[in-house]
Amino acid sequence: MQLFFVPDINGNHAIDLPEEEARHCIQVLRKRPGDAISLVDGKGSFYEGVLESADKRSCRVAIRSSRTTPPRPFHLHLAVAPTKQAERFEWMLEKITEIGVDEISPLLCRRSERDKIRADRLEKILVSAMKQSVQATLPKLNPLAPLPEFIRACRAEQRFIAYVDDEQKNHLPGNCRPGGSVCILIGPEGDFHPAEIALALENGFTPVSLGPTRLRTETAGMVAVHTVSLINLIQQEKIAL
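Conventions and cut-offs
- Residues numbered from 1 in each chain as written.
- Predicted model: local features only at pLDDT ≥ 70, side-chain atom pairs only at ≥ 80, totals over all residues.
- Heavy atoms only, no water.
- Helix = DSSP H or I, 4+ residues; strand = E, 2+ residues; numbered from the N terminus.
- Buried < 20%, exposed > 50% of the residue type's maximum accessible area, 1.4 Å probe, protein only.
- Axes fitted to C-alpha atoms, helices over the stretch in contact; angles between N-to-C directions.
- Left-handed = near helix turned anticlockwise from the far one by under 90°.
- Contact = heavy atoms within 4.5 Å.
- Nonpolar A, V, L, I, M, F, W, Y, C, P; charged D, E, K, R; others polar.
- Pairing = 2+ DSSP bridges.

Visitor: Would you mind going over unusual backbone geometry with me for this structure?
Guide: For Val134, which is not glycine, the phi dihedral falls at a positive 55 degrees. The residue Val134 is located in the loop between α3 (119-132) and β8 (140-141) in this model. Exposure remark for Val134: the relative accessible area of 37% places this residue in the partly exposed category. Positioned with a positive phi, Asp191 is a non-glycine residue whose angle comes to about 70 degrees. Of note, Asp191 is situated in the loop between β11 (180-186) and α6 (194-202).

Here it is as structure tokens:
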């Protein structure tokens, strides 16, 4: 299913595709007037339409129908330090979007290996992953924030911090409850500084393990998102029964 992203449909009967989407529609997919077009707005709605007119840089689509997906019964926020190699961080964003995440906050930690991000490029990766996984809701990408500032501002109902501790017996699946809002902190390759861990614990974060092996930052982020998503999926299936 080929989806096109148009963030501001807002009930319009006809819309113009953004230039990049229009170029892909016409020059790559070879769509022509009269062809069926499927769209998402990133806010939870799918749309079906027909291509009315097109040239190399613009497409006009007549909207024929729409459907809104129900909101998820939980809110998952991953706060993670960007990796030194940008492509590894980008890979993680792609995968967690495919799995399902609501909000992403890049963190600036004491041991961070990267103190800048290209938000415009990361947004494009999120959009592509949303469309690829046939979802209608785009994760919110927050600006890079210093860890202490983020910790003090976090108001999630369930707050977790995952770091390297061979004695850690608290595992995320055993501590995370389905439903509500969940925030998980993932540190840089050198892990969180002890002072950062202490600050998180003072502010209501629960220390958790993501498994018996030591994970790279991008792997830890993906495991955390998948674990919380699976916990909630199992709960939903139980309710359905």
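That covers the picture; the talk isn't over yet.
Visitor: Explanation requested: the packing of helix α2 (residues 86-99) against α3 in the structure shown.
Guide: Geometrically, a packed helix pair is captured by the angle between its two axes and the distance between the axes. It is at 8 Å that the axes of α2 and α3 come closest, and there the two elements cross at 35 degrees. Here α2 and α3 pass one another in a crossing that is right-handed. On α3, the residues touching Phe89, Glu90, Leu93, Glu94, Thr97 and Glu98 of α2 are Arg121, Leu122, Ile125, Leu126, Ala129, Met130 and Gln132. Class assignment for the residues of the contact of α2 with α3 results in seven nonpolar, two polar and four charged.

Visitor: So what exactly am I meant to see when it comes to the environment of Ile197 here?
Guide: Position of Ile197 relative to the elements: it lies in helix α6. For Ile197, a relative accessible area of 12% corresponds to the buried category. Between the C-alpha atom of Ile197 and that of Ala162, which follows or precedes it by 35 residues, the distance is 9.4 Å.

Visitor: Mind showing me how you'd approach the pairing of strand β10 (residues 158-162) here?
Guide: Regular strands place their side chains on alternate faces of the sheet. The element β10 is extensively covered by neighbouring structure, given that four of its five residues are classed as buried. Sheet topology note: the β10/β11 ladder contains five bridges and is parallel. Residue Phe160 lies in a different strand from β11, and its bridge partner there is Ile184. Across three bridges, the pairing between β10 and strand β12 (residues 206-208) is parallel. Among the inter-strand pairings, Ile161 is bridged to a residue of β12, identified as Pro207.

Visitor: Is there a simple way to think about the sheet that holds strand β4 (residues 45-54) in this case?
Guide: Paired through backbone hydrogen bonds, the strands of a sheet run either parallel or antiparallel to each other. An order of β1-β3-β4-β5-β2 is seen for the five strands of this open sheet, with the pairing classed as mixed. Each of the sheet's edge strands pairs with one partner strand only, and the pair in question is β1 (3-5) and β2 (14-16). Pairs of neighbouring strands in the sheet enclose a mean axial angle of 45 degrees, with direction left out of account. Note that strand β3 (residues 36-40) and β4 share five bridges and pair antiparallel. When the bridges of β4 are listed, Ser38 appears paired with Glu48. Helix α1 (residues 19-28) contacts β1, β3, β4 and β5 (59-68) of the sheet and is inclined by roughly 155 degrees relative to β1.

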